[in-house]
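Structural overview for review
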Amino acid sequence: MRSVGVSLVILAAICWGVSGGIADILMNKGWDPIVISLYRGVIGFVCFFTWFLLRFKQNWSSSSRLYIWSSLAGVGVAGNFTFYFFTIQASGVAVASTLMYTAPVFVLVISFLLRIERPSWFKWGCILGVLIGIVMLTGAYNTASLSVGLLGVATGLAAGLSYALFIFGFKNASSIGKPQTTLTIAFFSFCLILLLIADMDEAASVMTSNDIGWFVLLGVLGAGVSFILYVIGIQWTAPTTASMVAMVEPVTASLFGFLLIGDHLTIIQLLGMAIILVTVIVLSVKPSSASIKSTDKRKEKAG
């Protein structure tokens, strides 16, 4: 089942890569990042709430811990979406993608602190390898053509930390209740947060604009379909593995740009893509310490 979980996370990452390209298109059209993030979350909430209602009695839960962890996951995903879009505005897509995927570092450190994962040279090597691949793929190594401001660095790291927060919030919530319930609560919290800070006049104007189709597509791919795939997959995948495998997102974003926008990939970018894919494959076939620990416990109970 672990390989199935990894595959679902990869599919989710592909959807995120495409949705990142759509968001970039909308920002180039002049739409505010917070408004784009709001619509992505609202449409996602509608998808998850519908999923929740299909089996209301089985999905309903009154556990206060479920609401707390799910709400925390909602805070994480709201921060991830919003900070990522702000980083693109401040420093460009290359820097934004690189800083966003510092998430595995945050996840790994938190996992070590909570004793969920055991540190090893293999895990540090995978993190280093994937980060090098992302730098090569995005072109962030070419400092002469990049202007990285303090705001861009801060929001990029905040996006990565927010992503790590979502992973741990969801992981704890899913151990208590159903994924449908967790996602519904998380994205309800997301909507409340974004509604408080978004420009409501601009948000209302989206409904009558020619770009409404882009917003709907962004919400369905970037939240609805992708998160359903992701949250099912992560139940069979350790947090560090899930966050690493999801790094195929920048690969998809690059292919999206190449096929639809006409961006060409250099040899260095192709090499970076290969490093990411090879690392993901190696990581997917290597049992995590959390999985080993869980297997040992099952063997002890069986014995």
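Residues numbered from 1 in each chain as written. Predicted model: local features only at pLDDT ≥ 70, side-chain atom pairs only at ≥ 80, totals over all residues. Heavy atoms only, no water.

Another point: the packing of helix H9 (residues 179-197) against helix H11 (residues 212-234). The geometry of H9 relative to H11 is characterised by a closest axis approach of 11 Å and an angle of 135° between their N-to-C directions. Between H9 and H11, the angle is such that the two are oblique. Helix-helix and strand crossings are classified by hand; for H9 and H11 the assignment is right-handed. Only Ala223, Phe227 and Val231 of H11 make contact with H9, whose side of the interface consists of Pro179, Leu183 and Phe187. Here the residues of the contact of H9 with H11 sort into six nonpolar, no polar and no charged. (Axes fitted to C-alpha atoms, helices over the stretch in contact; angles between N-to-C directions. Helix = DSSP H or I, 4+ residues; strand = E, 2+ residues; numbered from the N terminus. Parallel < 35°, antiparallel > 145°, perpendicular 65-115°, else oblique. Left-handed = near helix turned anticlockwise from the far one by under 90°. Contact = heavy atoms within 4.5 Å. Nonpolar A, V, L, I, M, F, W, Y, C, P; charged D, E, K, R; others polar.)

The next point concerns the packing of aromatic side chains. Applying the stated rule across the entire model yields 18 aromatic pairs. Each ring, one from Trp16 and one from Phe227, has its centre 5.4 Å from the other, and the planes form 65°; the classification is edge-to-face. Here Trp16, found in helix H1 (residues 2-28), pairs with Phe227, found in helix H11; they are 211 residues apart in sequence, far enough to count as distant. On the basis of relative accessible area, Trp16 is assigned to the buried category, the value being 6%. By relative accessible area, Phe227 is classed as buried at 3%. Between the aromatic rings of Phe166 and Phe227, the centroid separation amounts to 5.4 Å while the plane-to-plane angle is 80°, which identifies the pairing as edge-to-face. Taken together, the residues Phe166 in helix H8 (residues 150-174) and Phe227 in helix H11 connect sequence positions 61 residues apart. Arg40 extends its terminal NZ or CZ atom over the ring of Phe81, reaching a point 3.7 Å from the ring centre. (Phe/Tyr/Trp six-rings, centres within 6.5 Å; stacked < 30°, edge-to-face > 60°. Buried < 20%, exposed > 50% of the residue type's maximum accessible area, 1.4 Å probe, protein only. Lys NZ or Arg CZ within 6 Å of the ring centre and 35° of its normal.)

So yeah, pure geometry; function would need other evidence.
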